[in-house]
Amino acid sequence: MSKKYVYFFGEGKAEGNSKMKNLLGGKGANLAEMTNLDIPVPPGFTITTEACIYYYQHKGKYPKGMKEEIDRNLKRLEKAMGAGFGDKYNPLLVSVRSGARVSMPGMMDTILNLGLNDETIKGLIEAMGHERFAWDSYRRLIQMFAHVVMGMESDEFEELIEGKKKELGIKLDTELNTSALKDLVGKFKKRVRERTKKDFPQDPRRQLFMAIDAVFGSWNTQRAITYRKLHNLSHTWGTAANVQTMVFGNMGRDSGTGVAFTRDPATGEKKFFGEYLLNAQGEDVVAGIRTPKKISKLAREMPGVYRELVRIYKKLEKHYRDIQDLEFTIQKKRLFLLQTRTGKRTAQAALKIAVDMVKEKLISKKEAILRVEPNQLDQLLHRRIDPKARIKVIAKGLAASPGAAVGEVVFTADHAQEEAERGRKVVLVRQETSPEDIHGMAAAQGILTSRGGLTSHAAVVARGMGKCCVAGCEAIDVDYNRKRFVVGDIVVKERDYISLNGNTGEVISGRVPTIEPALSKEFQILMKWADEARRLGVRTNADTPKDVRKARELGAEGIGLTRTEHMFFGEKRLPIVQEMILTRDAKTRERALKKLLPMQRKDFKGIFKAMEGFPVTIRLLDPPLHEFLPRIEELLVEIATLKAKKGSKKRIAQKEKLLNKIEALKEMNPMLGHRGCRLGITTPEIYRMQSQAIFEAACELSKEGYKVIPEVMIPLVGHINELKFTQEDVHRVAKEVMKRKKVKVDYTVGTMIELPRACITADEIAEEADFFSFGTNDLTQTVFGFSRDDIEGKFLPVYLEKGILKNNPFAVLDQRGVGELVEMAVRKGRRVKKNLKIGICGEHGGEPSSVEFCHRIGLDYVSCSPYRVPIARLAAAHAALKSRKV
Ligand code: PEP
Ligand code: MG
């Protein structure tokens, strides 16, 4: 027997079903499934993906017997519909559409009304009793066919339509009357002939086969190929072609069309939700020319049809066990379902539907967990722009930290703080931020920068604070001197209002309304289920007791990274830190460190208390020292101004001395320079002071009855000796403090693994380290050789656009490259120390696909900013459940 290439649906039992997506495509399989559920769909047939593949392998030839099969199915269709394809008295019209196994934008659009020609249109007018509509259908067919099948530009026809409207002095397509449309049909056919040197085919069968060829051909258009490449889809799948009877919702007041959801897709509430229009076509509902009515009204207008629709939607939801998005048409009181698919929903709805469906025993807890996308939770955790608001977007940057911010523009951190103290809401706008801007960032509603990427200082700190941030918005030109920024011809001055959307990266003019986040009961329930399912621990990156408390509230089980550099800023501390850096004299340095000690101790106490009972990883000082010093450019301006104003000689000399020092400390590549443990080795007093503060805080709290678990972490280790050297001091200080305080606190000393050499020599490092924590920000930077602060506003967008990289590697862990090194380090480390505790604290620790990777390679925990903790918890549960499935 020869192979079957055509599958009928829409009558009796369909030849296919929903399990046959690979052969029939998603659309074809679902139409067959609905038929089998006894749900009325316009009958038709699906030509398989295998036919498409054959067509490609044989230079546009059909497999043997396929044409005959199509003819047989066409006959069956005519019989089912009681109409004839090409029959001038009672014409059958069909649509043709593509349908691959996954829905794929970039492939062919639908062609409607196939079967119409100069003869059959008469029959259609007869059947419809509506001449205008029939001519409109015909001109649409020619337009679509010429474009999709014959390769003409759609604009050519739009131009003719515009010409006609001008001639008649009308504005809307709907105002074109029958004679105008008739005339357009003639003009369209003429244009087709002129351009393609061929006539629009009058033979319906030819129309049909040409359309099928076009569907098959659309599988290999450049757009479709690019889409498949970007989404890792196979080029060998092919597409199916669906040929389906046309039904019309515009055959009078007893016809109509609509769309519906089986539950409310915005809130998740269990109620039938939808809209319809009587005497209308599908596109009228979508185009918004007429206002559709609420679905509940249909119960009064067509009670029988409504009852049938309710029966169907309940059946579909029960069958698919998920919210469905339906399209239906009523042709002369007869209801047809055109499509059913899984409904898109908001995060709030996703949670409610998942939890409700478990209660309704439709799905298991495991399915419920997997139904909620971890990234979607972001929507719930932050204040956001009211989706109903009308907004004017003036620029777009990187969506660096989610949420919304509305406030007056300020350009300096100090100004932000002053205004906030006076109760004003401000947005801090900077070219970029540095650690000395922290107080202003904390005071602002949101942060906008014109430079820097997703791991820039502004982005990382804003995420940590749960504050909205748009970074790297290169379209804006920030002018500190004139206190304004310019984008195109728009000038935004200090104190003007702007709004930011941190979920999209949009910069919006003026004040827009926002809505509060609210964590629903369903959120708590689903997160509890997720916690039961996951293996990975979830910690947080946090530097202040406030952030720590927030993270705990959101489910963090410890701190994976406290960046202590943030404690070196602020009005009181920075001058002391600068004094310490700038002196060569050990005594002065010691004096400065002595002043810092009690402050640090207090910081650590606050953090330990807020995370009581859980481990707290504290990283000793990491960033290059210049970050604590005034900028050279600013100092130069200051000196020049002093000189111009004939300021005091002594002061000028002081400033010049400072300038010399700073210039001496200047590095070409500070991120690869004098930072991390290198600082700890050249200036061991700093790490000693920090260790003393940590252990004094821990001992004092321990005596008060708190359970503290300190983990001291050395940054940027690349050679085992770096760890040995710095660690020795930490242990010595710990011992000394405990002896003095007469109390013993269990602690560990470990290291960041954030340089390729550390990964390669992880076995050596594991001999000394109690734990590893992957700093995948620096590791990505050093493995790719990409400067984290520079690439995102420069060439990365081009890389993404051209498909060189699929994702920003600073946001989504590059598993193939960076991940390979991470895996190697885990293997080597655990070979030496079987139970070596290993986590990750780079930004990837809160990104779902990276979390899944961490689960797979056996890490103990991930650590991320507080507001990403729920995302990581859910992603970890997904990872565990998916791996169990395998
Ligand atoms: C890292 O490099 O991944 C990390 C967490 O440290 P930082 O971003 O502070 O360099
Ligand atoms: Mg780092």
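A short tour of the structure in this document, coming up. (Residues numbered from 1 in each chain as written. Chains lettered and ligands numbered in written order. Predicted model: local features only at pLDDT ≥ 70, side-chain atom pairs only at ≥ 80, totals over all residues. Heavy atoms only, no water.)

## A word on the coordination of the magnesium ion (ligand 2)
Then step 1. Binding of the magnesium ion (ligand 2) to the protein goes through Glu754 (OE) and Asp778 (OD), at separations of 2.0 to 2.1 Å. Of this pair, glutamate 754 sits in the loop between strand S28 (748–753) and helix H28 (756–760) while aspartate 778 sits in helix H30 (residues 776–784), placing them 24 residues apart in sequence.
Then step 2. For glutamate 754, a relative accessible area of 1% puts it in the buried group. (Donors = N, O, S within 2.8 Å, 3.2 Å for Na, K, Ca; no water. Helix = DSSP H or I, 4+ residues; strand = E, 2+ residues; numbered from the N terminus. Buried < 20%, exposed > 50% of the residue type's maximum accessible area, 1.4 Å probe, protein only.)

## A short note on the site of ligand 1
Then step 1. Around ligand 1 lies a shell of 14 residues, among which Arg563, Gly775, Asn777, Asp778 and Arg788 are the nearest.
Then step 2. One of the backbone N or O atoms of threonine 776 is found 3.0 Å from an oxygen atom in ligand 1.
Then step 3. At 2.9 Å from an oxygen atom of ligand 1 is found a side-chain nitrogen or oxygen belonging to aspartate 778.
Then step 4. Protein burial of ligand 1: of its 290 Å² of free accessible surface, 96% is covered by the chains.
Then step 5. Of all the secondary structure elements, the ones that give two or more residues to the shell around ligand 1 are strand S25 (559–563) and H30.
Then step 6. At three residues, the largest contribution of residues to the shell around ligand 1 is made by H30.
Then step 7. Per-class residue counts for the shell around ligand 1 are three nonpolar, four polar and seven charged. (Near = heavy atom within 4 Å. Polar contact = N/O pair within 3.5 Å; in protein donor to acceptor, adjacent residues only side chain to side chain. Areas by Shrake-Rupley, 256 points an atom, 1.4 Å probe, with all protein chains shown as cover. Nonpolar A, V, L, I, M, F, W, Y, C, P; charged D, E, K, R; others polar.)

## Some points on the sheet that holds strand S18 (residues 477–479)
Then step 1. Taken in spatial order, the three strands of this open sheet run S18-S19-S20, and their pairing is antiparallel. Two strands lie at the open edges of the sheet, namely S18 and strand S20 (490–493), each paired on one side alone. Pairwise comparison of adjacent strand axes, ignoring direction, gives a mean angle of 20° for this sheet.
Then step 2. Sheet topology places strand S19 (residues 484–487) next to S20; four bridges connect them, and they run antiparallel. The residue of S20 that forms the bridge with valine 487 is isoleucine 490. (Pairing = 2+ DSSP bridges. Axes fitted to C-alpha atoms, helices over the stretch in contact; angles between N-to-C directions.)

## A closer look at unusual backbone geometry
Then step 1. Phi is positive for lysine 361, which is not a glycine, with a value near 60°.
Then step 2. Among the secondary structure elements, lysine 361 is positioned in the loop between helix H13 (347–359) and helix H14 (365–371).
Then step 3. The class of lysine 361 is exposed, set by a relative accessible area of 74%.
Then step 4. One non-glycine residue, lysine 742, lies in positive phi territory at about 55°.
Then step 5. The exposed category is assigned to lysine 742, whose relative accessible area is 72%.

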